[in-house]
Amino acid sequence: MKTKINFYSEIKGEIKKFLEKYYSKNLNLENNLFFEQEFDNPIDMIDIISCFVDNNDKFKINLWISLDKDVYICVTNNNIDSLIKYIYERYPY
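Residues numbered from 1 in each chain as written. Predicted model: local features only at pLDDT ≥ 70, side-chain atom pairs only at ≥ 80, totals over all residues. Heavy atoms only, no water.

Turning next to the pairing of strand 2 (residues 34-39). Side chains Phe-35, Gln-37 and Phe-39 project from strand 2 onto a buried face, and the interleaved Phe-34, Glu-36 and Glu-38 project onto a face without burial. Pairing analysis gives six bridges linking strand 1 (residues 3-8) to strand 2, with the strands arranged antiparallel. Bridge pairing in strand 2 links Asn-6 to Glu-36. (Buried < 20%, exposed > 50% of the residue type's maximum accessible area, 1.4 Å probe, protein only. Helix = DSSP H or I, 4+ residues; strand = E, 2+ residues; numbered from the N terminus. Pairing = 2+ DSSP bridges.)

Once that is clear, we can look at a nonpolar patch on the surface. Among the surface-exposed residues, Tyr-8, Trp-64 and Tyr-72 lie close enough to one another that they form a single nonpolar patch of about 270 Å² accessible area. Within the secondary structure, Tyr-72 is located in strand 4 (residues 71-74). (Patch = residues over 30% accessible without salt bridge, like charges linked within 9 Å, V, L, I, M, F, W, Y side chains within 5 Å. Areas by Shrake-Rupley, 256 points an atom, 1.4 Å probe, with all protein chains shown as cover. Salt bridge = Lys/Arg side-chain N within 4 Å of Asp/Glu carboxyl O.)

We now examine unusual backbone geometry. Most peptide bonds are trans, and most residues other than glycine sit at a negative phi. Positive phi, normally seen in glycine, also occurs at Ser-24, with a value near 55 degrees. Looking at where Ser-24 falls in the secondary structure, it is placed in the loop between helix 1 (14-23) and strand 2. Residues other than glycine seldom take positive phi values, yet Asp-70 does so here, at roughly 60 degrees. Along the chain, Asp-70 falls in the loop between strand 3 (62-68) and strand 4.

According to the stated counting rule, one finds eight aromatic pairs in the structure shown. With a centroid separation of 5.3 Å and an interplanar angle of 50 degrees, the aromatic rings of Phe-7 and Phe-18 are classed as tilted. Separated by eleven residues along the polypeptide, Phe-7 in strand 1 and Phe-18 in helix 1 bring together distant segments of the chain. Like Phe-7, the residue Phe-18 is buried in the burial classification. Grouped by ring-pair contacts, the aromatic residues Phe-7, Phe-18, Tyr-22, Tyr-23, Phe-35, Phe-52 and Phe-59 constitute a single cluster. (Phe/Tyr/Trp six-rings, centres within 6.5 Å; stacked < 30°, edge-to-face > 60°.)

Structural data, given as structure tokens:
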């Protein structure tokens, strides 16, 4: 199963601004209030999760991750360290 990240926002363009800053390029998003990305290797999602937490005071967006089918975890300042540690322990490749 692939793992996922889901960004949600109530403000049009917030997700686009964040992703353009993260990827350093202009993006064209189909939905201004939702963005989903899948990863074959869960370790690859850690960079964008860390960037989100480092910049969450600048953008009005929420991030949820899914490591198991239909189970989502909200990423916050309070749980980021535990989540990253768990991902590395669960997927040590």
